[in-house]
Amino acid sequence: MITFATLFIDEHGRRRRDRMNARDLEELKHTLRSRSQWLVSAQPTNATKRLSRLTLPVRDFVPLLHQLELQLRAGVTADAALGQLAEDAPEGASRSILQSIHEEVSQGQSIHEACRRFPRLFPPHIAAVISAGETASQLPESIRSLAQHLTSMDELKRTARRALIYPAVVLSATAGLVIFLLTGVVPRFADIFASLNLTLPPITLYMIGLSEFLLGHGTWVVAIIGLIVMGVATAPRV
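Counting restarts for each chain: residues are numbered from 1 in the order of the written sequence. Totals for whole chains, interfaces and linings use every residue, but because this is a predicted model, local features are given only for residues with pLDDT of at least 70 and side-chain atom pairs only at 80 or more, for both listing and counting. The side-chain figures draw on all heavy atoms in the structure; neither hydrogens nor water molecules are used.

### A word on the overall build of the protein
Only DSSP runs of H or I with at least four residues qualify as helices, and only runs of E with at least two residues qualify as strands; both kinds are numbered from the N terminus onward. Looking only at helices and strands, the protein features nine helices and three strands. Start at the N end of the protein and walk to the C end: the helices and strands fall as β-β-α-β-α-α-α-α-α-α-α-α. Throughout, radius of gyration means the C-alpha value; the globule benchmark is 2.2 Å times the number of residues raised to the power 0.38. Here the C-alpha atoms of the protein give a radius of gyration of 29 Å, more than 25% beyond the 18 Å that 2.2 N^0.38 yields for 238 residues. With respect to the three principal axes, the spread of C-alpha positions in the protein is 95 × 55 × 30 Å. Long-range pairs, those at least 24 residues apart, make up 51% of the contacts in the protein between residues at least 6 apart in sequence. The Shrake-Rupley method, run with a 1.4 Å probe, gives the accessible areas here. Residue values count only the displayed protein chains as cover. As displayed, the protein has an accessible area near 15500 Å², and 61% of this comes from carbon and sulfur atoms. Side-chain charges in the protein split into 25 positive and 21 negative, and the spacing between the mean points of these groups amounts to 5 Å. By definition in these notes, contact holds between two residues if any of their heavy atoms fall within 4.5 Å. Within this scheme the basic residues Lys and Arg register as positive and the acidic residues Asp and Glu register as negative, but His and the chain ends are omitted. Where a charge lies is defined by one atom per residue type, namely NZ (Lys), CZ (Arg), CG (Asp) and CD (Glu).

Below you can see the structure in the form of structure tokens.
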């Protein structure tokens, strides 16, 4: 359900503001009309928007899928299974997500439609797998396949990250050495060359120019590199 901040005209012709729950805007309009009220405007509340941004790491998400699969295979209804999982979940994102999905399912909505409220956790391809399982009456099998797929993808990402550690260390060490040479060693040779009044080859002039640039703008260079590293380190991982 979505919580709307509504402005409407009541049956006495007065403007009123209230917070109302509905699956979508059309259901909200229908509810108000049944009360002889007319909707003026409706906006999803910040709480609803914040809820839709919730997600879970794979290591927490996959066990929930396995638990749901086991309960469904044991003959427990989806409504009861989701309610039990929500009750057993610790405080935080997992409980909020499960409670929201359980509320939607208990009111007759399909599981894949309820899951679409969390696009970060249930992107279209994952919601489609759940939808296919519901349509074919093979929901436990679909959930199991989904859990296996997510586990495999997470392991693949972990392997890729581990494989990149060594090249990253080598690259960082090389970059540090180059910066040290350009800012600590090259300037001394530049002073020696300047005192000898020698005609220097283009490559040497280029290195001296690069060294002067780093010495003059080193703070900006370090700041940009730091921002790039922070952006890569904090990038969301699906």
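### Some words on the sheet that holds strand 1 (residues 2-9)
Taken together, three strands build an open sheet; the order of strands is 2-1-3 and the sheet is antiparallel. Looking at which strands have only one partner, the edges of the open sheet turn out to be strand 2 (15-22) and strand 3 (38-44). Adjacent strand axes in the sheet meet at a mean angle of 30°, parallel and antiparallel pairs treated alike. In this description, strands pair whenever DSSP reports at least two bridges between them. Note that strand 1 and strand 3 share six bridges and pair antiparallel. Within the sheet, the bridge partner assigned to Leu 7 lies in strand 3 and is Ser 41. Axis lines are fitted to C-alpha atoms, over the contacting stretch for helices. Their N-to-C directions set the angle, which ranges from 0 to 180 degrees.

### A closer look at the packing of aromatic side chains
How two aromatic rings sit relative to each other is given by the distance of their centres and the angle of their planes. Two aromatic rings, drawn from Phe, Tyr or Trp (for Trp, its six-membered ring), form a pair once their centres lie within 6.5 Å of each other, and the interplanar angle then sorts them: stacked below 30 degrees, edge-to-face above 60, tilted otherwise. All chains considered together, the criterion is met by two aromatic pairs. Seen in terms of ring centroids, Phe 61 and Phe 122 are 5.4 Å apart; in terms of plane orientation they differ by 90°. Their pairing is edge-to-face. Here Phe 61, found in helix 3 (residues 58-73), pairs with Phe 122, found in the loop between helix 6 (111-115) and helix 7 (124-135); they are 61 residues apart in sequence, far enough to count as distant. Like Phe 122, Phe 61 is buried. For the exposure calls, accessible area comes from a 1.4 Å probe over protein chains only, and a residue counts as buried if that area is under 20% of its type's maximum, exposed if over 50%, partly exposed in between.

### Some details on the pairing of strand 2
Direction of pairing for strand 1 relative to strand 2: antiparallel, over a ladder of eight bridges. Bridging from a neighbouring strand, Leu 7 pairs with Arg 17 of strand 2. Connecting strand 1 to the antiparallel partner strand 2 that follows it, the hairpin turn spans five residues, and Gly 13 within it adopts a positive phi of roughly 80°.

### Things to note about the nonpolar core
Counting 32 residues, the largest nonpolar core has Ile 101, Phe 122 and Leu 150 as the members making the most contacts within it. Sorting elements by how many residues they give to this core places helix 3 first, with seven residues. Buried Ala, Val, Leu, Ile, Met, Phe, Trp, Tyr and Cys residues form a nonpolar core when they are joined through side-chain atoms within 4.5 Å. Phe 4, Ala 22, Leu 28 and Leu 32 belong to the second-largest nonpolar core, a separate cluster that totals nine residues.

### Some words on helix 8 (residues 139-196)
By definition here, a helix of n residues has an expected span of 1.5 Å times n minus one. Taking 1.5 Å per residue, 58 residues should reach 86 Å; helix 8 reaches 82 Å between its end C-alpha atoms and fits that length. Largest kink in helix 8: about 40°, centred on Val 186, with the proline Pro 187 one to four residues after it. Asn 197 occupies a position one or two residues after helix 8 and carries a positive phi of about 55°. In this analysis the local bend is the angle between axes fitted, respectively, to the seven residues ending at and the seven residues starting at the residue.

### Things to note about the pattern of salt bridges
Any Lys or Arg side-chain nitrogen located within 4 Å of an Asp or Glu carboxyl oxygen qualifies as a salt bridge. For the coordinates displayed, the defined rule picks out seven salt bridges. Its salt-bridge partner being Asp 10, residue Arg 14 comes within 3.5 Å of it at the nearest N-O pair. Since its relative accessible area comes to 4%, Asp 10 is described here as buried. Put simply, Glu 69 and Arg 73 hold a salt bridge, and the shortest N to O gap is 2.8 Å. You can see Glu 69 and its partner Arg 73 sitting in helix 3, four residues apart, about one turn around the helix. Overall, Glu 69 belongs to the buried group, its relative accessible area being 7%.

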